[in-house]
Each structure stands twice: as structure tokens, then as C-alpha cells.
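Chains, contacts and geometry: an overview
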Amino acid sequence: MNSPVTHPAAAPRAAAHSNRHLLGWSVAVVLALAAPWAIYPTFLMKVLCFALFACAFNLLLGYAGLLSFGHAAFFGGSAYVCAGLAKHVGLTPELAILAGTAVAAAMGGVFGWLAIRRSGIYLTMITLALAQLVFFIALQLPFTGGEDGLQGVPRGRLFGLVELGDNHAMYYFVLAVFAAAFWLIRRTVHSPYGQVLKAIRENEPRAISLGYDVHRYKLLAFVISAALAGTAGALKAIVFQLASLTDVHWHMSGEVVLMTLLGGLGTLLGPAAGALVIVTLENELADKVGPWVTVIMGAIFVVCVLAFRRGLVGELLALRGARRDEQDEQD
């Protein structure tokens, strides 16, 4: 049998691409480690928390094709659990975050089990309705602090050793959690399970005909996405020492949708880039334009949908792919 013919330039080009990929990640790691010495650490931690939230949401929408408009319930619910345990029970930050993540995963299981029975707009409305229930529970329960929220949450000591009251120590902890969660998302996307999720997104009837238990795959995607969103919310509660109704409001669900679409739906780095843009704009414009920030965000969303359908990172990847195709044709 004849061996397949390969292009003589394919191997060097693949090696060069791998080297560029490794170099890019190395530069990103160095910049992330050096960033808190040049930029306000609290701002960076806020970006990382929302970047993780957006990446978790993107796992569900970008790869499974399930639009949840209730992810604020996981984000804010975990924040309240983490803040309450850290403040009233005295748990160390890592245990409080793990507890918040576990509660968010359980909520994701319940939400997913109910929502995946429907599809399209009906699934979206079910998640929104359930998230609103969580919002009103957070508003009414006495230990959540009502409209004041849970304030004065102690950062504590990591593993009883590292004082997280220091912003730099707190930043590196948040960065480590984000890196671990991002690695998990990347592994999930590139695993056989992730390939099945993409198949369900593209053609669910065909996936069913191939024998896949579609409901089980969707439910697991809900649980993983909810757990990671909960991790982001718990981290934010520790960083800002606050869990508030803003975290469980439906506006938060809309904001994470905007971050994901702006950065690039279905891309690994896109949601993180979108979170960076949105958080930066909010910080820079809040004192200058006040409530008009919401209007500006809406305008950005419209422009993004009309002009950058793939999002910022998605468009860059498309341009790179087009250039690579041109080089292949020239060779």
C-alpha cells in the first residue's frame, strides 16, 4: 500500500507553528507574573475572575450550543456561600471556595436537569426563571444581608500559611486558580467528550442516531460550566470581601454573554479577552460618564454583532487561517 503523500514544507511549518505556540504561552505566563508590579492588582484580579466566569459560560454556549441566561445564579450563589462560610464559620479561603464551587455544581445539576428537557429559547427562559428564584432567595434570606449583601468577608490565610490580605499574594492565588481552571476547560474541549459536545452543537439528531446519550452530555456540560462559574464567583467574593445582589442579578448573566460574544464565541481565549475589554471600559468610564456606561456597552455589543461576528479573537484567528491558506496555495 502506498504511503500518503505529504507536502515537503508541512513538517517544518508544523514545527514552526508549535514553536510559536509555545513562545506565545511563555510570554503570556511571564506577563501574567509581572503584571501586578506594574498594574493595580485588584483590577487584575477582577479581570481574572470575570475571565474565568466568561470561559466557563463559553464552555456551555460556545461548545455545547446551550444558551443559559441564568449563569449569575451560579456565580452569585457560590459567592454568597463562600462569603458566608468564610465570615460566619471561619473556613479558610481555599475551603470556602471549594464549598462555593460544590454548591454551584449542585445547582448546575438541578438547573441542567430541568433546562435540557427543552431547547432554544425555552431552555434560555427556564434558566432565567430559575436564576430569578435564586435572586429573590438571596434578597429575602436573613443571613445574606439583603440589599446590603455580605460585607467584611475575611481573606484569611491560604492553607493557614499565606496571608491573603497582601494584594500581591492574593493576585498570585487568583492567577493560579484561573490557570488551573483554564487548563481544565482546554482539556475538556480537546477531549473525546468535547468532540461529542461539538457534534451535538452542530447536529443533535445525528449525534443521537450515532448512539450518544445527548442528555447526559448536556447535563455534564451544565455541571462543569456551573462549577467553574461558581469558582469565579467565590474568588470574587474573597478578593473584594463582598457578596452582593449584583452578583446574582440577571444583568450579570447578560454581561457574561456580552464578554463571550465580544471576545469570540467558541474560542478558548476569546471570553478572557472580552472580559478584559469590558472590565477595563467599566473601570475607565464609570467616573467619567456614570450611568451612560450601560449605553456604551450596548453600542459596543451592536457593533460587535454587526461588524465582528466571530468576536475579536475569532476574527484574528480567521485572518491567520486565511493567510495560512494563501501560503499553502503559493507553495
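See the structure printed just above.
Now for a description of the structure that goes with this document. Nothing here was measured: the structure is a model prediction, and the numbers come from that model.

Reading the values: the criteria
- Residues numbered from 1 in each chain as written.
- Predicted model: local features only at pLDDT ≥ 70, side-chain atom pairs only at ≥ 80, totals over all residues.
- Heavy atoms only, no water.
- Patch = residues over 30% accessible without salt bridge, like charges linked within 9 Å, V, L, I, M, F, W, Y side chains within 5 Å.
- Areas by Shrake-Rupley, 256 points an atom, 1.4 Å probe, with all protein chains shown as cover.
- Salt bridge = Lys/Arg side-chain N within 4 Å of Asp/Glu carboxyl O.
- Helix = DSSP H or I, 4+ residues; strand = E, 2+ residues; numbered from the N terminus.
- Buried < 20%, exposed > 50% of the residue type's maximum accessible area, 1.4 Å probe, protein only.
- Contact = heavy atoms within 4.5 Å.
- Disulfide = S-S within 2.5 Å.
- Expected span 1.5 Å × (residues − 1).
- Arc of directions from axis to C-beta.

A word on a nonpolar patch on the surface. A contiguous nonpolar patch, built from Val89, Leu91, Leu95 and Leu98 and spanning about 360 Å² of accessible area, is present on the exposed surface. Structurally, the position occupied by Leu91 is in the loop between α3 (71–89) and α4 (93–115). Assessed through its relative accessible area of 31%, Leu91 is described here as partly exposed.

Assignment of secondary structure puts Thr231 in helix α9 (residues 214–240). Excluding its chain neighbours within four sequence positions, the residues that come into contact with Thr231 are Leu52, Ser78, Ile97, Thr101 and Val177.

Glancing now at the side chain of Lys218. Structurally, Lys218 can be placed in helix α9. Contacts of Lys218, omitting those with residues within four sequence positions, involve Leu66, Ile116, Ile200 and Glu204.

Take the state of the cysteines next. The final tally for this structure, using the stated rule, is zero disulfides. Distance from the sulfur of Cys55, which forms no disulfide, to the nearest cysteine sulfur (Cys49) is 12 Å. You can call Cys55 buried: its relative accessible area is 3%. Cysteine Cys82 is unpaired, with the sulfur of Cys49 as its nearest cysteine sulfur at 11 Å. Judged by relative accessible area, which is 0%, Cys82 ranks as buried.

Helical periodicity: at 3.6 residues per turn, an α-helix aligns residues three or four positions apart in one direction. In this model, helix α12 (residues 292–307) (16 residues) spans 22 Å end to end at C-alpha, consistent with the 22 Å of a helix rising 1.5 Å per residue. Residues Val293, Met297 and Cys304 constitute the buried set of α12. An end-on view of α12 places all buried positions within 40° of arc, on one side of the element. Seen from the buried face of α12, the exposed residues on the opposite side, beyond 90 degrees, are Trp292 and Leu306. Packing partners of the buried residues in α12 comprise α10 (250–263) and α11 (270–289).

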